[in-house]
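Chain by chain, the residues:
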Amino acid sequence: MQKENRLQTIDGESLMSLPLKPLNFAVDTLLSQGLHVLAGSPKVGKSWLALWLSVMVAKGEPVWGMPVKQGTTLYLCLEDSTLRIQNRLFEITEDAPANVHFSTGSDILGKGLEEQLCTFLSEHPDTVLVIIDTYR
């Protein structure tokens, strides 16, 4: 028996009575739970922004005036060295908290990355932000 290819809909009355949980935001009204892609031309500051966001959320400091949900952050800076990340950290903050984590190497998607992320998340259940720079 072949399934019908029908549009799945919900009527307004049902939708209004459906108990839905609000999204969790790492940065209020800007960065919600889920997958986001930060794209742009090379050398415009995407990695600097990712690093800064990781630190700000870990510290619990507002981002452009918007409150953040403070928690552990993980920044996979896969095109950088530890020295480069350290130098950049010194440029953006005087004190990087212990709950911001960095890795300059990981397995790839489909070949271990998922397990590595699951392990990190189970060891740090308060994680609110994971950044992969760059996806490969």
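Preceding this section is the structure that the text describes.
Residues numbered from 1 in each chain as written. Predicted model: local features only at pLDDT ≥ 70, side-chain atom pairs only at ≥ 80, totals over all residues. Heavy atoms only, no water.

J.: So, the overall build of the protein chain: which residues are in play, and what are the values?
T.: Helix and strand counts for the protein chain stand at four helices and five strands. Listing each helix as α and each strand as β along the protein chain from the N terminus yields α-β-β-α-β-α-β-α-β. The buried share of the protein chain, reckoned over its 136 residues, is 30%. Considering only contacts within the protein chain whose residues lie at least 6 apart along the sequence, 66% involve residues at least 24 apart. Of note, the protein chain has its 11 positive side-chain charges centred 6 Å away from the centre of its 16 negative side-chain charges. (Helix = DSSP H or I, 4+ residues; strand = E, 2+ residues; numbered from the N terminus. Buried < 20%, exposed > 50% of the residue type's maximum accessible area, 1.4 Å probe, protein only. Contact = heavy atoms within 4.5 Å. Lys, Arg positive; Asp, Glu negative; His and termini not counted. Charge placed at Lys NZ, Arg CZ, Asp CG, Glu CD.)

J.: Just give me the short version of the packing of helix H2 (residues 46–59) against helix H3 (residues 82–92), but keep the residues and values in it.
T.: Packing of H2 against H3 brings their axes to within 11 Å, and their N-to-C directions diverge by 65°. By the angle between their axes, H2 is roughly perpendicular relative to H3. Two packed elements cross with a definite hand, and for H2 against H3 that hand is right-handed. On the side of H2, the interface is formed by Ser47, Trp48, Leu51, Trp52 and Val55, while H3 contributes Arg88, Leu89, Glu91 and Ile92. Residues belonging to the contact of H2 with H3 are distributed by class as follows: six nonpolar, one polar and two charged. (Axes fitted to C-alpha atoms, helices over the stretch in contact; angles between N-to-C directions. Parallel < 35°, antiparallel > 145°, perpendicular 65-115°, else oblique. Left-handed = near helix turned anticlockwise from the far one by under 90°. Nonpolar A, V, L, I, M, F, W, Y, C, P; charged D, E, K, R; others polar.)

J.: Describe the side chain of Arg88, naming the residues involved and giving the relevant values.
T.: Relative to the elements of secondary structure, Arg88 occurs in helix H3. Despite its burial, Arg88 pairs with no opposite charge, the nearest such side chain being Asp80 at 4.5 Å. When residues no more than four places from it in sequence are discounted, the contact partners of Arg88 are Ser47, Trp48 and Leu51. (Salt bridge = Lys/Arg side-chain N within 4 Å of Asp/Glu carboxyl O.)

J.: Account for the sheet that holds strand E3 (residues 72–77), with residues named and values stated.
T.: Read across the sheet, three strands follow the order E4-E3-E5 without closing on themselves; strand pairing throughout is parallel. Only two strands of the sheet have a single partner each, and these edge strands are strand E4 (100–103) and strand E5 (127–133). The average undirected angle you get between the axes of adjacent strands in this sheet is 15°. (Pairing = 2+ DSSP bridges.)

J.: Describe the packing of aromatic side chains, with residues and values.
T.: A full pass over the atoms with the stated rule returns two aromatic pairs. Arranged with centres 6.3 Å apart and planes meeting at 70°, the rings of Tyr75 and Phe102 form a pair that is edge-to-face. Highlighted residues: Tyr75 in strand E3 and Phe102 in strand E4, separated in sequence by 27 residues. (Phe/Tyr/Trp six-rings, centres within 6.5 Å; stacked < 30°, edge-to-face > 60°.)

J.: Before we move on, can you summarise the pairing of E4 with the specific residues and values?
T.: Two strands pair when backbone bridges link them, and E3 and E4 are joined in this way by four bridges, in the parallel orientation. Bridge assignment links Tyr75 to a residue of E4, and that residue is Phe102. With H3 bridging E3 and its parallel neighbour E4, the resulting β-α-β unit is right-handed. (Right-handed = clockwise from strand over helix to strand, strands pointing away.)

Keep in mind these values describe shape, not function.
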